[in-house]
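# Remarks on the overall topology
Chain residues, written in single-letter form:
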Amino acid sequence: MKKVLTFIPIICALMLVACGNDDTSSGDDGSNGKLTMYTPMPEENAEAYVSKFEEDTGIEVDYTRLSTGEILSKLKAEEGSSDASIWFAGPSDSFIEADEEGFLEKYDTDNLDNLDKIDENAMVEDASWLPIYQGPIAFASNEEWLEENGVEAPTSWEDLLKPEFENNIMLAHPGASGTGYQFVSTLVQIMGEEEAFDYLKKFDENVKQWTKGGSANAQFIGIGEVGTGLAFAQDLLPLKEEGYPIKITYPEDGVSVAVEGAAKIKGGPEQEKENATKFMNWINSVEGQNVYADTGYYHLPVISDANIPEGAPDLNEFNVADTDNIWASEHRDEIVDKFERQIESEEEASDG
């Protein structure tokens, strides 16, 4: 397995062209025994899950980490001839948008053992992508900062507007990050657009920095760069285990739960097509869905036969916000555009 840095794709493309002309492909099925992937996952998760896929199948994976927004932009720029064969992870509204734009290739249902066992709330009819796991957005607060400042960790969306959090919140920008857009689209759906943007204007007064990536913010909160922020629970729990002083709480007035997906990318390397199909079959299998529990991470599987990771949040204990991922996807451009005009432009967001 190799992690491919974001500035290398041109080199990789040249390498893949070379591989395509090589008559000595190593795969028994005519493939080159490799799979190229885009993923927004934190590196620790990506390494663990990709290693298990390589172990189970013998297929070598090269992956490039990009934010969800960057993956969408890259697929648009690649215009149907992509460096990668698989997009692994990212909120469902992004996959819905990519599907509507024609960037995804329909999965083969013949060898999907558990397609009919996927949580019906996660499925989108006639979609080209597969739901692969779920995860709630949580409030993450630095315990030392809370104690030093005599502040209670937030337990509602309104709590984030309190003056004690002024200049002490970090969150990903909705134009660049799936985490950020999940937050904003959830507010719009549970509050209504006008009230949600009134809320966001007040919230922005407490934000120290909008960022371009969602998962890295958890570490900034862990080291006390800011007092609090929002991140997916599956990104926070490993850091807490490592000893970062992070207190995790959830909004009692509506927890935002994201369904994340995987898909074959239309126009990916021809010699990887069979391996891309094998990846989709694997991630839908019980073995693939158990990868979250087997590797000690906290993504929640979408089929009932798979194991729930020990220590992962139980969605049955939450007041889950009633949101529609298809609506979120259909309104993404207009909501992000309004956010950029009224709150903060993506250009101003930091790379942190």
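Scoring rules and cut-offs
- Residues numbered from 1 in each chain as written.
- Predicted model: local features only at pLDDT ≥ 70, side-chain atom pairs only at ≥ 80, totals over all residues.
- Heavy atoms only, no water.
- Salt bridge = Lys/Arg side-chain N within 4 Å of Asp/Glu carboxyl O.
- Helix = DSSP H or I, 4+ residues; strand = E, 2+ residues; numbered from the N terminus.
- Core = buried A, V, L, I, M, F, W, Y, C linked by side-chain atoms within 4.5 Å.
- Buried < 20%, exposed > 50% of the residue type's maximum accessible area, 1.4 Å probe, protein only.
- Contact = heavy atoms within 4.5 Å.
- Polar contact = N/O pair within 3.5 Å; in protein donor to acceptor, adjacent residues only side chain to side chain.

### Side note on the pattern of salt bridges
Within this structure, the stated rule accounts for 13 salt bridges. As a salt-bridge pair, Lys76 and Glu97 come within 3.6 Å of each other at their nearest N and O atoms. On the criterion of sequence distance, the pair formed by Lys76 in helix H3 (residues 68-78) and Glu97 in helix H4 (residues 92-100) is long-range, its members being 21 residues apart. Through salt bridges with shared partners, a single network forms among Lys76, Asp93, Glu97 and Arg332.

### Looking at the nonpolar core
The biggest cluster of nonpolar side chains holds 34 residues, and the ones touching the most others in it are Leu35, Met37, Tyr49, Ile86, Phe88 and Phe279. Residue assignment for this core shows that the elements contributing at least two residues are strand E2 (34-39), helix H2 (43-57), strand E3 (60-65), strand E4 (86-91), strand E6 (130-142), strand E11 (257-265), helix H10 (273-284) and helix H12 (291-294). Within the second largest apolar cluster, 33 residues are counted, among which are Trp145, Ala153, Val207 and Trp210.

### Here we look at H3
Within H3, the full set of buried residues consists of Thr68, Gly69, Ile71, Leu72, Lys74, Leu75 and Glu78. Just downstream of H3, Glu79 is the residue with a positive phi angle, here 50°.

### Considerations on unusual backbone geometry
Of all residues except glycine, most have a negative phi; of all peptide bonds, most are trans. For Ala89, which is not glycine, the phi torsion reads 85° and is therefore positive. If you trace the backbone, Ala89 turns up in strand E4. On the basis of relative accessible area, Ala89 is assigned to the buried category, the value being 1%.

### So, the environment of Lys208
Residue placement: Lys208 occurs in strand E8 (residues 207-211). For Lys208, a relative accessible area of 37% corresponds to the partly exposed category. Distance from Lys208 to Asn168, taken between C-alpha atoms, is 5.5 Å for residues 40 residues apart in sequence. With residues near it in sequence (within four places) discarded, Lys208 still touches Asn167, Asn168, Ile169, Glu225 and Val226. Looking at Lys208, its side chain comes within polar contact range of the main-chain oxygen of Glu225, at 3.4 Å.

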